[in-house]
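Structural overview
Okay, here's what each chain looks like letter by letter:
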Amino acid sequence: DILFLDEVGETIIPATSTPGAKAAEIGKFMKVMVTDCYTEADQKAFVEGITQLDEASKKMHNVGFIKATPEQRKTLLTALDKEAKAFQKEKGEKEKDLRAKANKEHDKTFTFAPNHYFTMMKQLTLLGFFTSKTGATQTLRYTAVPGKWEACIPYKKGDKVWATS
């Protein structure tokens, strides 16, 4: 699963002139975060999502995700991203009234339904990559802290975003 998640992450943040998500070992990061920080329901949705993503690849391209070409992977994840956004919107609308009622009644037992598995994978990829040494120092502009403070730094089109200042 870690190698699978590395490939998902690399499709989301591919290597270009800078390293991609695989260089940051994003699969290991996702495993730790899901195992240590997610609720049982979210863990279940995430793990089942690995199988669902692979099945979606077979359905769309007649090949599993690992054997798919980079373009096929990108097409699949773009479609899953649209599906996940619609799922999250519908989930939010359904839970809005339930959440309000639980708050009004001080019901501490209210729990959210799990997010879409691809939403979790994408969020973990972004979080893990941009907080990794690789993402922060080789992709973002990096200045070791403490550095000097500058109130206004000129920006030129194409400059990297700052990781620290």
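Let me begin by describing the structure that accompanies this report.

Calculation rules
Numbering of residues starts from 1 in every chain and runs along the sequence as written. Confidence filtering applies because this is a predicted model: local features only for residues at pLDDT of at least 70, side-chain atom pairs given and counted only at 80 or more, and all residues used for totals across whole chains, interfaces and linings. As a convention, hydrogens and water are excluded, and side-chain values are obtained from all of the structure's heavy atoms. Each helix corresponds to a stretch of at least 4 residues labelled H or I by DSSP, and each strand to a stretch of at least 2 residues labelled E; elements are numbered beginning at the N terminus. Accessibility here uses a 1.4 Å probe with only protein chains present; expressed as a share of the type maximum, an area under 20% marks a residue as buried, one over 50% as exposed, and anything in between as partly exposed. Note on contacts: a residue pair is in contact if any heavy atoms of the two residues lie within 4.5 Å. Lys and Arg are tallied as positive, Asp and Glu as negative. Neither His nor the chain termini are counted. Charge coordinates come from a single atom per side chain, which is NZ of Lys, CZ of Arg, CG of Asp or CD of Glu. Between the N-to-C directions of two axes lies an angle of 0 to 180 degrees, each axis being a line fitted to C-alpha atoms and, for a helix, fitted only over the stretch in contact. For classification purposes, angles smaller than 35 degrees are called roughly parallel, those larger than 145 roughly antiparallel, those between 65 and 115 roughly perpendicular, and all remaining angles oblique. Note on residue classes: Ala, Val, Leu, Ile, Met, Phe, Trp, Tyr, Cys and Pro are nonpolar, Asp, Glu, Lys and Arg are charged, and everything else, Gly too, is polar. Only Phe, Tyr and Trp rings are paired, with Trp represented by its six-membered ring, and only when their centres lie within 6.5 Å; those with planes under 30 degrees apart are stacked, over 60 edge-to-face, the remainder tilted. By the criterion adopted, a ring carries a charge over it if an Arg CZ or a Lys NZ lies within 6 Å of its centre and within 35 degrees of its normal. One less than the number of residues in a helix, times 1.5 Å, gives the span that helix is expected to have. We count a salt bridge whenever a side-chain nitrogen from Lys or Arg sits within 4 Å of a carboxyl oxygen from Asp or Glu.

On a plain count of helices and strands, the protein chain comes out with six helices and zero strands. Going residue by residue from the N terminus, the α and β elements of the protein chain occur as α-α-α-α-α-α. Considering only C-alpha atoms, the protein chain reaches an extent of 50 × 50 × 30 Å along its principal axes. Expressed as a percentage of the 165 residues in the protein chain, the buried residues total 35%. Contacts in the protein chain between residues at least 24 apart in sequence constitute 55% of all its contacts with a sequence separation of at least 6. The average position of the 26 basic charges and that of the 22 acidic charges among the side chains of the protein chain differ by 6 Å.

Let us look at the packing of helix α1 (residues 2-12) against helix α4 (residues 70-104). If you want to describe how two helices pack, look at the angle between their axes and the distance between the axes. Here α1 crosses α4 at 85°, and the two axes come no closer than 10 Å. In this view, α1 runs roughly perpendicular relative to α4, as classed from their interaxial angle. Contact residues: E7, V8, T11 and I12 in α1; R73, K74 and L77 in α4. Each residue belonging to the contact of α1 with α4 can be placed in one class, and the counts come to three nonpolar, one polar and three charged.

Glancing now at the packing of aromatic side chains. With the rule as written, the count across this model stands at two aromatic pairs. Note on F4 and F65: the rings are 5.4 Å apart at their centroids and 50° apart in plane angle, and the pair reads as tilted. Here F4, found in helix α1, pairs with F65, found in the loop between α3 (40-61) and α4; they are 61 residues apart in sequence, far enough to count as distant. Measuring from centroid to centroid gives 5.0 Å for F129 and F130, while their planes differ by 80°, and the two rings are edge-to-face. Take F129: its relative accessible area is 0%, and that puts it in the buried class. Over the ring of F65 we find R73; its NZ or CZ atom is 5.0 Å from the centre of that ring.

What follows deals with helix α5 (residues 117-130). The terminal C-alpha atoms of α5 lie 20 Å apart, and with 14 residues this matches the ideal 20 Å at 1.5 Å per residue to within 8%. Residues of α5 that are buried: Y117, F118, T119, M120, M121, L124, T125, G128 and F129. Packing partners of the buried residues in α5 comprise α1, α2 (26-37), α3, α4 and α6 (133-139).

All right, on to the side chain of T18 then. With respect to the element layout, T18 can be found in the loop between α1 and α2. A relative accessible area of 17% means that T18 is categorised as buried. When near neighbours in sequence (up to four residues on either side) are disregarded, T18 contacts Q138, T139 and K160.

Now for the pattern of salt bridges. Scanning the model with the defined rule gives 10 salt bridges in all. The residue K58 makes a salt bridge to E55 at a minimum N-O spacing of 3.8 Å. With K58 and E55 both in helix α3, this residue pair falls three residues apart, about one helical turn. With relative accessibility at 38%, the residue K58 sits in the partly exposed group. One salt bridge connects D81 with K122, and the closest N-O pair in it is separated by 3.1 Å. Here D81 is found in helix α4, whereas its partner K122 is found in helix α5, with 41 residues between them in sequence. In this structure K122 comes out as partly exposed when scored by relative accessible area, which is 28%. If you follow the salt bridges from partner to partner, you end up with E7, K22 and R73 in one network.

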